[in-house]
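Structural description and commentary
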Amino acid sequence: MIVLPDSTRASELDAKQLEVLAMIGHGYTDASIAGHLHMCEQSVQYHIGRIRERLNLVTPPGMHPRAVLWLLASRWEAASAVANPVRATMTPARPMPSAS
């Protein structure tokens, strides 16, 4: 079973970490996040590490570590959509990205 923090924990992340997490939720790779945010891939990986550390994220055995981040981003986006129904109608559903 995966235990994910609720969206109230978002305040524990800085703006760049939230941006990286949102892009992971939309299926971006580290390379594409780096390109969009004008940073190197190592910086993206650093932010991912800080996200995992600050939120105490644990990857269950047999699950890809990025899948946990994708699930978290999706859950937080869904919580945001409930709080703001207009945005929910504008947010397209997206498939789970393949592990690469």
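I will try to describe carefully the structure that is included in this document. Each chain carries its own residue numbering, running from 1 in the written order of its sequence. Where local features are concerned, this predicted model is filtered to residues with pLDDT of at least 70; where side-chain atom pairs are given and counted, the filter is 80 or more; whole-chain, interface and lining totals use all residues. Side-chain measures here rest on the full set of heavy atoms in the structure, leaving out hydrogens and waters.

**Side note on the packing of helix α1 (residues 15–25) against helix α3 (residues 41–54)**
Helix-helix packing is characterised by the crossing angle of the two axes and by the distance between the axes. Stated precisely, the cut-off is as follows: Angular values range over 0 to 180 degrees, each being the angle between N-to-C directions of two axes fitted as lines to C-alpha atoms, with helices fitted over their stretch in contact. Helical segments are the DSSP runs of H or I of at least four residues, strand segments are the runs of E of at least two, and each set is numbered from the N terminus. Should an angle fall under 35 degrees it is taken as roughly parallel, and over 145 as roughly antiparallel, whereas 65 to 115 is taken as roughly perpendicular and any remaining angle as oblique. A contact between two residues is defined here by any heavy atoms of the two lying within 4.5 Å. For this classification, Asp, Glu, Lys and Arg are treated as charged, while Ala, Val, Leu, Ile, Met, Phe, Trp, Tyr, Cys and Pro are nonpolar and the rest, including Gly, are polar.
The interhelical angle for the contact between α1 and α3, taken along N-to-C directions, is 100°, at an axis separation of 9 Å. With respect to each other, α1 and α3 are oriented roughly perpendicular. Facing K16, Q17, V20, L21 and I24 of α1, the residues of α3 in contact are V44, H47, I48, R50, I51 and R54. Class assignment of the residues belonging to the contact of α1 with α3 gives a composition of six nonpolar, two polar and three charged.

**Structural notes on the packing of α1 against helix α2 (residues 30–37)**
Basically, it comes down to this: Each crossing gets its hand from how the near helix is turned against the far one by less than a right angle, where anticlockwise is left-handed and clockwise is right-handed.
It is the contact of α1 with α2, at a shortest axis distance of 10 Å, that shows an interaxial angle of 130°. Of the possible angle classes, the one that applies to α1 and α2 is oblique. The hand of the α1/α2 crossing is right-handed. Between α1 and α2, the contacting residues are K16, E19, V20, M23 and I24 on the first element and I33, H36 and L37 on the second. Along the lines of polarity and charge, the residues of the contact of α1 with α2 split into five nonpolar, one polar and two charged.

**Digging into the environment of S43**
Put simply, the test is: Classification of residues uses two cut-offs on accessible area relative to the type maximum, computed with a 1.4 Å probe and protein chains only: under 20% is buried, over 50% is exposed, and between them is partly exposed.
Mapped onto the fold, S43 is located in helix α3. Using a relative accessible area of 25% as the deciding quantity, one classes S43 as partly exposed. Residues S43 and D30 lie 13 residues apart in sequence; the distance between their C-alpha atoms is 9.3 Å.

**Description of α2**
Test applied: This arc describes the spread of directions from the helix axis toward the C-beta atoms.
Residues of α2 that are buried include every one of D30, I33, A34 and L37, and no others. Along the axis of α2, the buried positions cluster into a sector of 100°, meaning they face one direction only. Immediately downstream of α2, the backbone of H38 shows phi near 55°, a positive value.

**Some details on the side chain of D30**
Heads up, the condition is: Pairs of N or O atoms are called polar contacts if they sit within 3.5 Å, as long as, within protein, a hydrogen donor faces a hydrogen acceptor (for residues adjacent in sequence, only side-chain-to-side-chain pairs).
Looking at the secondary structure, you find D30 in helix α2. Relative accessible area serves as the criterion here: at 15%, D30 is assigned to the buried category. Separated by 2.7 Å, the side chains of D30 and R66 make a polar contact. Each residue touching D30, except ones within four places of it in the same chain, is listed here: E41, V44, Q45, I48 and R66.

**Concerning the pattern of salt bridges**
The condition that has to hold: Throughout this description, the term salt bridge denotes a Lys or Arg side-chain nitrogen within 4 Å of a carboxyl oxygen of Asp or Glu.
As enumerated under the stated definition, the model contains four salt bridges in all. When the shortest N-O distance is used, the salt bridge between E12 and R9 registers 2.5 Å. The exposure class assigned to R9 is partly exposed, which follows from its relative accessible area of 23%. A salt bridge links E19 to K16; the nearest nitrogen and oxygen atoms lie 3.6 Å apart. With E19 and K16 both in helix α1 and three residues apart, this pair spans about one turn of that helix. Residue classification places E19 among the partly exposed positions, given a relative accessible area of 35%.

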